[in-house]
Amino acid sequence: MRWPILILTALVVLLQYPLWLGKGGWLQVWETGRQVQAQRNDNLRLEQRNAGLEAEVNDLKSGNEAIEERARFELGLTRPGEIYVQIPKR
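Definitions and cut-offs
Residues numbered from 1 in each chain as written. Predicted model: local features only at pLDDT ≥ 70, side-chain atom pairs only at ≥ 80, totals over all residues. Heavy atoms only, no water. Helix = DSSP H or I, 4+ residues; strand = E, 2+ residues; numbered from the N terminus. Rg over C-alpha atoms; globule rule 2.2 N^0.38 Å. pLDDT = per-residue confidence, 0-100. Salt bridge = Lys/Arg side-chain N within 4 Å of Asp/Glu carboxyl O.

1. Thoughts on the overall build of the protein chain
Here is step 1 of the chain: Within the protein chain one finds three helices and zero strands.
Here is step 2 of the chain: The secondary structure elements of the protein chain, listed N-terminal to C-terminal, are α-α-α.
Here is step 3 of the chain: Its C-alpha atoms give the protein chain a radius of gyration of 32 Å, clearly above 12 Å, the size a compact globule of 90 residues would have.
Here is step 4 of the chain: The principal-axis extents of the C-alpha atoms in the protein chain amount to approximately 105 × 35 × 10 Å.

2. A few points about the confidence of the model for the protein chain
Any residue range with low pLDDT should be treated as having predicted coordinates unsuitable for detailed reading.
Here is step 1 of the chain: The predicted model of the protein chain averages 85 in pLDDT, with 99% of residues at 70 or higher.
Here is step 2 of the chain: Confidence, read as mean pLDDT per element, is least for helix α3 (residues 64-75) in the protein chain (80) and greatest for helix α2 (residues 26-62) (92).

3. Considerations on the pattern of salt bridges
Here is step 1 of the chain: Scanning the entire structure with this criterion turns up five salt bridges.
Here is step 2 of the chain: Between R45 and D42 there is a salt bridge, and its shortest N-O distance comes to 2.5 Å. Taken together, the positions of R45 and D42, both in helix α2 and three residues apart, correspond to about one turn of that helix.
Here is step 3 of the chain: E68 is the partner of R79 in a salt bridge, and the nearest nitrogen-oxygen pair spans 2.3 Å.

Okay, here's the thing in structure tokens:
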């Protein structure tokens with residue numbers, strides 16, 4: 001009577017192995033879902049960065065204000081008659 005129970009138990013374990021650990025099993029599906037969510041988060045971050053860069057490009061193409069602002073803050077340029085004063089950070 002003991003042998004049929006052992007054989008059935010072994011059969012159930014053999015049938016469950018592919019479900020949990022095999023190709024397309026629950027663990028692989030869970031890992032793939034986690035990777036998809038991480039990629040979606042990364043894509044969202046990159047889309048936001050791209051939108052900011054696109055807005056900056058449009059500002060630079062549309063007028064001189066953005067170009068002048070960059071020249072003043074990044075290069076330290078001034079208009080004729082202005083005095084440039086730089087205050088060092090502590």
